[in-house]
Amino acid sequence: MRPMRGSAKKAEILTLEAAVKKYMHDGIVCAFSGFTAFNRNPVAFAWEAVRQGIRNLHVLDKHAGLCTWFLNTVGAIRIYETDWVGWGEMAGKLDLSVEKLYTSGKLILEEYSHGAMTMRFLAGAVGAPFIPYYAPLGSDLYNPAYDALGRAGLRNGSHPRIPSRKFIEMTDPFAGEGKVVLLPAANPELCILHVEKVGEKGTARWRGISTLDKEMAFASDRVVVIAEEIVPEARLREHPESNPIPYFVVDAIVEAPWGAFPSAVPYRYDYDAPFMRAMDRASRNEADLKDWMEEWVFGPRDWRALIDKLGEERLKGLRADPKTGYSTAVMRGKRPAPRMQAPLSVRRSGY
């Protein structure tokens, strides 16, 4: 059982390189924030982990994204517990590197449903060792024959982060509602979040979709926050209801503008679909992928140099409109989105 959290933490402010070096290590069990490849992926952290040669990772993932895409290109993930092996609707659903690693036996892929991974992180966040869940009863996700970690002999108690069972089916003992499945809690060693703002003590805030970021942070032993901007803690404390992550769960802070690129940070910048499509094209050919990685991962001096390489004109087109939270210059269909001068409900009703 995961030990109870002790005293409040005191977050340290680090560079990106120092944070990866201190908090990542070979074999770590980790989780990344964001929603698919489009929203607040801590790309800069995963990018730097690839550059530092971190390997043999065990990733607990709720719906994949850019971080796992980068890590899988170099085979850095050994165990992958997830509910989706895609990484971006616009770029191509399937992470082709996952397919290559899995079929060659270099990746152990343990699959759950979206809801099941949600419940596992929720259990970890509230300190419960397991949690009951109905869906998807009757599917092969709960077929012991497809227990990947069990087949690999890793549910023998040798790894404290791998539960002895993928699930347990039992009869509802309270309401008599039939069968229910018990799922083990998800408790990563490290959670990496990308947020819009963070206070100098660690209080973190973002706008837009939250997905499971709060639950992941509370479920993890250590939390590293990558932020677009470090702001005075007092400014965030003025509206505490807007801060999903409290300072006392955060271990380290990194200020990395554009650190989620090419995913979006609502009200800061939009996702870069053409860049993501180029990533997908490169992944379809080994030589092309090697060239792409050399140009965009191993070539730049640091993350700031990568952003400078993109160019001011490209970044300008991605900057978010302050009212809508996304770029009105990005093409979504045949024409750019209209710039809104008032909320849509006001424009339609006249009030």
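Everything below is about the structure shown above.
Because the structure is predicted, anything quoted here is derived from the model rather than measured. (Residues numbered from 1 in each chain as written. Predicted model: local features only at pLDDT ≥ 70, side-chain atom pairs only at ≥ 80, totals over all residues. Heavy atoms only, no water.)

A.B. asks: Would you mind going over the state of the cysteines with me for this structure?
C.D. replies: Covalent bonding between the sulfur atoms of two cysteines defines a disulfide. Evaluation of the coordinates by the stated rule reveals 0 disulfides. With no disulfide of its own, Cys30 lies closest to Cys67 among cysteine sulfurs, the gap being 9.2 Å. Note on Cys30: relative accessible area 0%, which makes it buried. Take Cys67: its relative accessible area is 3%, and that puts it in the buried class. (Disulfide = S-S within 2.5 Å. Buried < 20%, exposed > 50% of the residue type's maximum accessible area, 1.4 Å probe, protein only.)

A.B. asks: It is not clear to me how the packing of helix α9 (residues 273–283) against helix α10 (residues 286–298) should be interpreted in this structure. Could you clarify?
C.D. replies: A packed helix pair is summarised by two numbers, namely the angle formed by the two axes and the spacing between the axes. Between α9 and α10, the shortest axis-to-axis distance is 7 Å and the interhelical angle comes to 135 degrees. Taken together, the axes of α9 and α10 are oblique relative to one another. Contacts between α9 and α10 involve Phe275, Ala278, Met279, Ala282 and Ser283 from the first element and Asp288, Leu289, Trp292 and Trp296 from the second. (Axes fitted to C-alpha atoms, helices over the stretch in contact; angles between N-to-C directions. Helix = DSSP H or I, 4+ residues; strand = E, 2+ residues; numbered from the N terminus. Parallel < 35°, antiparallel > 145°, perpendicular 65-115°, else oblique. Contact = heavy atoms within 4.5 Å.)

A.B. asks: Sorry if this is basic, but what is going on with the pairing of strand β2 (residues 29–32) here?
C.D. replies: Moving residue by residue along a regular strand, the side chains alternate between the two faces of the sheet. Of the two faces of β2, the one holding Val29 and Ala31 and the one holding Cys30 and Phe32 are both buried throughout. Bridge count between β2 and strand β3 (residues 57–60): 2 bridges; the pairing is parallel. Bridge pairing in β3 links Val29 to His58. Read as a crossover between parallel neighbours, the route from β2 over helix α2 (residues 43–51) to β3 is right-handed. Of the pairings in the sheet, the one linking β2 to strand β9 (residues 190–199) comprises 3 bridges and is parallel in character. Its bridge partner being in β9, Cys30 is matched across the sheet by Leu190. (Pairing = 2+ DSSP bridges. Right-handed = clockwise from strand over helix to strand, strands pointing away.)

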